Amino acid sequence: MSCIIAPSVLAADFSNLTAAVADINDSGAEWIHLDVMDGKFVPNLTFGPKMVADLRPHTSSVLDVHLMVYQPEDLIDEFARAGADYITFHVEAVVHSHRILQFIRNLGKKTGISIVPSTPVVMIEELLPLVDLVLVMTVNPGFGGQDLIPACLEKVKKLVLFREKKGLSFLISVDGGINEATAAGARDAGVDVLVAGSAFFNARDKKALVSQLKGE
Ligand code: DX5
Ligand code: ZN
């Protein structure tokens, strides 16, 4: 089965996000990745739940919300009401990740946990039975347009093995530096979802780019 492609609107023109979403809708990409940054957990700021609520009527794609914030538990309810499908937060940003995952599930949403490049897979092993998605950051979060850190793909391989051993079914996503050149390595490592920001929005032919990322 081919990978799900999740273009990140972080690389789009924020003054024209309706056009960005229309481009994603037409491209063959299945998901839309929405990067929420608080200026504290990561050194950049983006947007809040209102953006998700405003974009929701413009697409039927899965909305994959990536919270790069401290105290994500304070925002989850609002993102759920805004129409997020997957709500992913960072294990590094919280103490009670187990409780937060249960909270997301109880809201009827898909749960995601993310790890930055310096965090090993073992940090989230206890949580894996509770997650629908593991988002492996392949750059240090905060900015688009960075180079993928190849060592992070080893974590994908570990997650694939762990999932098989434990009979789990979470999806594995990679985020950061995914483009025509790096996608093959990520696919070989066993990813299910490829997030792409700058590669997608810089591509003139977005349909062709999506096919290339999928390895078609
Ligand atoms: C970075 C974000 C990514 C970002 C990826 O902190 O989490 O989703 O949009 O951008 P590219 O694909 O340009 O590396
Ligand atoms: Zn992201």
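The coordinates are above.
Residues numbered from 1 in each chain as written. Chains lettered and ligands numbered in written order. Predicted model: local features only at pLDDT ≥ 70, side-chain atom pairs only at ≥ 80, totals over all residues. Heavy atoms only, no water.

### Some words on the packing of aromatic side chains
Part 1: What the rule picks out here adds up to four aromatic pairs.
Part 2: Measuring from centroid to centroid gives 5.8 Å for Phe 14 and Phe 47, while their planes differ by 55 degrees, and the two rings are tilted. Of this pair, Phe 14 sits in the loop between strand E1 (4-7) and helix H1 (17-27) while Phe 47 is found in the loop between strand E2 (31-37) and helix H2 (49-55), placing the two residues 33 residues apart along the sequence.
Part 3: When the centroid spacing of 4.6 Å and the interplanar angle of 35 degrees are considered together, the rings of Trp 31 and Tyr 86 count as tilted. Of the two residues, Trp 31 is situated in strand E2 and Tyr 86 in strand E4 (residues 86-90); the sequence distance between them amounts to 55 residues.
Part 4: We classify Tyr 86 as buried; its relative accessible area is 9%.
Part 5: Directly above the ring of Phe 170 sits Arg 163, whose terminal nitrogen or CZ lies 5.6 Å from the centroid. (Phe/Tyr/Trp six-rings, centres within 6.5 Å; stacked < 30°, edge-to-face > 60°. Helix = DSSP H or I, 4+ residues; strand = E, 2+ residues; numbered from the N terminus. Buried < 20%, exposed > 50% of the residue type's maximum accessible area, 1.4 Å probe, protein only. Lys NZ or Arg CZ within 6 Å of the ring centre and 35° of its normal.)

### Here we look at the pattern of salt bridges
Part 1: Counted according to the given criterion, the structure contains seven salt bridges.
Part 2: For Asp 85, the salt bridge is made with Arg 56, and the minimal N-O distance between the two is 3.0 Å. In this pair, Asp 85 is assigned in the loop between helix H3 (76-82) and E4 and Arg 56 in the loop between H2 and strand E3 (62-68), connecting sequence segments 29 residues apart.
Part 3: Taking the shortest distance from any N to any O, the salt bridge between Arg 81 and Asp 77 comes out at 3.4 Å. Taken together, the residues Arg 81 and Asp 77, both in helix H3 and four residues apart, mark about one turn of the helix. (Salt bridge = Lys/Arg side-chain N within 4 Å of Asp/Glu carboxyl O.)

### Thoughts on the site of ligand 1
Part 1: Lining the immediate surroundings of ligand 1 are 20 residues, of which Asp 35, Gly 142, Asp 175, Gly 197 and Ser 198 lie closest.
Part 2: One of the side-chain N or O atoms of His 33 is found 3.4 Å from an oxygen atom in ligand 1.
Part 3: Asp 35 is positioned such that a nitrogen or oxygen atom in its side chain is 2.8 Å from an oxygen atom of ligand 1.
Part 4: Look at ligand 1: alone it shows 380 Å² of surface, and the protein chains cover 99% of it.
Part 5: Ranked by residue count, the leading element in the shell around ligand 1 is E2, at three residues.
Part 6: Here the shell around ligand 1 is composed, by residue class, of eight nonpolar, ten polar and two charged. (Near = heavy atom within 4 Å. Polar contact = N/O pair within 3.5 Å; in protein donor to acceptor, adjacent residues only side chain to side chain. Areas by Shrake-Rupley, 256 points an atom, 1.4 Å probe, with all protein chains shown as cover. Nonpolar A, V, L, I, M, F, W, Y, C, P; charged D, E, K, R; others polar.)

Structural measurements only, silent on function.
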